[in-house]
Amino acid sequence: MEGRGVTLSITTSTLADGAVEVSPRGEIDVENAYEIREAVAAQLADGSPVRIELNMQHVTFIDSVGISALVAAFQLAGVSGVKVVVTRPSRFAHKQLWVTGLLGLFGNPQPYQESAEPAGAVLS
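Definitions and cut-offs
- Residues numbered from 1 in each chain as written.
- Predicted model: local features only at pLDDT ≥ 70, side-chain atom pairs only at ≥ 80, totals over all residues.
- Heavy atoms only, no water.
- UniProt positions renumbered as here; feature names shortened; annotations may be inferred.
- Helix = DSSP H or I, 4+ residues; strand = E, 2+ residues; numbered from the N terminus.
- Buried < 20%, exposed > 50% of the residue type's maximum accessible area, 1.4 Å probe, protein only.
- Polar contact = N/O pair within 3.5 Å; in protein donor to acceptor, adjacent residues only side chain to side chain.
- Contact = heavy atoms within 4.5 Å.
- Pairing = 2+ DSSP bridges.

- If you check an unreviewed UniProt entry, the protein appears there as Anti-sigma factor antagonist from Actinoplanes teichomyceticus.
- Reading the Sequence similarities (unreviewed entry) entry of the UniProt record for the protein gives the comment "Belongs to the anti-sigma-factor antagonist family."

**So, the side chain of Asn-55**
Part 1: Here Asn-55 is to be found in strand β3 (residues 51–55).
Part 2: What makes Asn-55 buried here is its relative accessible area of 7%.
Part 3: There is a polar contact of 3.3 Å between the side chain of Asn-55 and the side chain of Glu-21.
Part 4: In contact with Asn-55, other than residues within four places in its own chain, are Glu-21, Val-22, Ser-23, Pro-24, Thr-87 and Arg-88.

**A closer look at the environment of Ala-19**
Part 1: Within the fold, Ala-19 resides in the loop between β1 (9–14) and β2 (20–28).
Part 2: Look at Ala-19 and you get buried, because its relative accessible area is 0%.
Part 3: Counting along the chain gives 31 residues from Ala-19 to Val-50, while the straight-line C-alpha distance between them is 4.9 Å.
Part 4: Sequence-distant contacts of Ala-19, defined by excluding residues within four places in its chain, comprise Ser-13, Thr-14, Val-50 and Arg-51.

**A short note on the pairing of β1**
Along any regular strand, the residues point their side chains to alternate faces of the sheet.
Part 1: Sheet analysis places β1 next to β2, joined by 6 bridges and oriented antiparallel. Residue pairing for β2: Thr-11 is matched across the bridge by Ser-23.
Part 2: Where β1 folds back onto β2 in an antiparallel hairpin, the turn is made up of 5 residues, including Gly-18, whose phi is positive at roughly 95°.

In structure tokens:
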């Protein structure tokens, strides 16, 4: 099976309020969807974060298996009393969550939009 050249990478960081941000980048599909659930499981194994934020602004594609992995991660965290929310979903990820009726489950995030303003610009 030849690769499509786009892989999934996942970075994690701890936010100021004790939440953990899990940031996937690339395509989430049948080949790698398990990595999302594993990333969440690893954070739960390390302790009990206030919440887990899935920053999905760099997700270019997600299929039904990927969506199922998000739900599995949500359920896994719920067993530990940890809330999983999606933040800054790409337009594609937002549409998939909307179509499947799962936006509300993940905190009703608005789709991430590249700002036309330069970083740090102050609107008056």
